[in-house]
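Tertiary structure, described
Listed below are the residues making up each chain.
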Amino acid sequence: GTFFKINRALTSLPGISKSRHLYGSVEWRYRGKAIGHIHGNKVVDIAFPHEVRRRLLEEGRTVPNRHSPAGISFYIQAQKDIPFAIELLMLSYQITKSKHSV
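Residues numbered from 1 in each chain as written. Predicted model: local features only at pLDDT ≥ 70, side-chain atom pairs only at ≥ 80, totals over all residues. Heavy atoms only, no water.

Notes on the overall build of the chain
We count it as follows: Only runs of H or I of at least four residues qualify as helices and only runs of E of at least two qualify as strands under DSSP, and these elements are numbered from the N terminus. Only C-alpha atoms enter the radius of gyration; for comparison, a globular chain is expected to reach 2.2 Å times N to the power 0.38, where N is the number of residues. Exposure classes here rest on a 1.4 Å probe applied to the protein chains alone. A residue is buried below 20% of its type maximum, exposed above 50%, and partly exposed in between. Contact definition: two residues touch when any of their heavy atoms are within 4.5 Å. For every accessible area listed, the method is Shrake-Rupley and the probe measures 1.4 Å; residues are considered covered only by the protein chains on display.
In terms of helices and strands, the chain carries three helices and six strands. For the chain, whose C-alpha radius of gyration is 13 Å, the value lies close to the compact-globule estimate of 13 Å for 102 residues. Taken along its principal axes, the extent of the C-alpha atoms in the chain is 35 × 30 × 25 Å. Burial statistics for the chain: of 102 residues in total, 42% are counted as buried. Pairs at least 24 residues apart make up 46% of the contacts formed inside the chain by residues separated by at least 6 positions. For the chain, the computed accessible surface area is about 6,100 Å², with 56% contributed by carbon and sulfur atoms.

Things to note about the pattern of salt bridges
The condition that has to hold: What makes a salt bridge here is a side-chain nitrogen of Lys or Arg within 4 Å of a carboxyl oxygen of Asp or Glu, nothing more.
Tallied over the full model, the rule gives five salt bridges. Residues glutamate 59 and arginine 55 are paired through a salt bridge, measuring 3.3 Å at the closest nitrogen-oxygen approach. Of this pair, glutamate 59 and arginine 55 both sit in helix H2 (residues 50-59), four residues apart, which is roughly one turn of that helix. A salt bridge links lysine 80 to aspartate 81, with the nearest nitrogen and oxygen atoms 3.4 Å apart. Residue aspartate 81 is classed as buried on the basis of its relative accessible area, which comes to 9%. Ionic contacts of the salt-bridge type, sharing partners, join the residues Glu51, Arg54 and Glu58 into one network.

As for the sheet that holds strand E5 (residues 63-64)
Sheets are built from strands paired through backbone hydrogen bonds, the pairs being either parallel or antiparallel. Using the following cut-off: Note on pairing: two strands pair once DSSP finds at least 2 bridges between them. Axis definition: a line fitted to C-alpha atoms, limited for helices to the stretch in contact. Angles are taken between N-to-C directions and run from 0 to 180 degrees.
Taken together, six strands build an open sheet; the order of strands is E1-E2-E3-E4-E6-E5 and the sheet is antiparallel. Taken across any chain shown, the strands that pair with only one partner, and hence form the sheet edges, are strand E1 (16-20) and E5. Where E5 meets strand E6 (residues 71-75), two bridges bridge the pair, whose relative direction is antiparallel. Counterpart to proline 64 in the pairing with E6 is isoleucine 72. In the packing of helix H3 (residues 82-100) onto the sheet, contacts are made with E1, strand E2 (26-30), strand E3 (33-39), strand E4 (43-47) and E6, and the angle to E3 comes to roughly 165°.

So this is what it looks like as structure tokens:
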């Protein structure tokens, strides 16, 4: 399923851990720093730096996250959306890793 494909892609990355997030969602972290989380198999939420968030929203495939001014949400409506969800989480991973690597 959707979650398993995304989880497999992320947990194969160095330094990634998976944990429970609010309301039963699942969150991935890099060295304790949030990468993003998923609600069921439907919504991926990720916080990004302002410029990255602005660009992603302008592209029109993501929407502002209702609960986080720095966040975006991506709605997975079909199997074809899974690669973009993974791409967004990988982007968050790369940004977080570059900020928090020694």
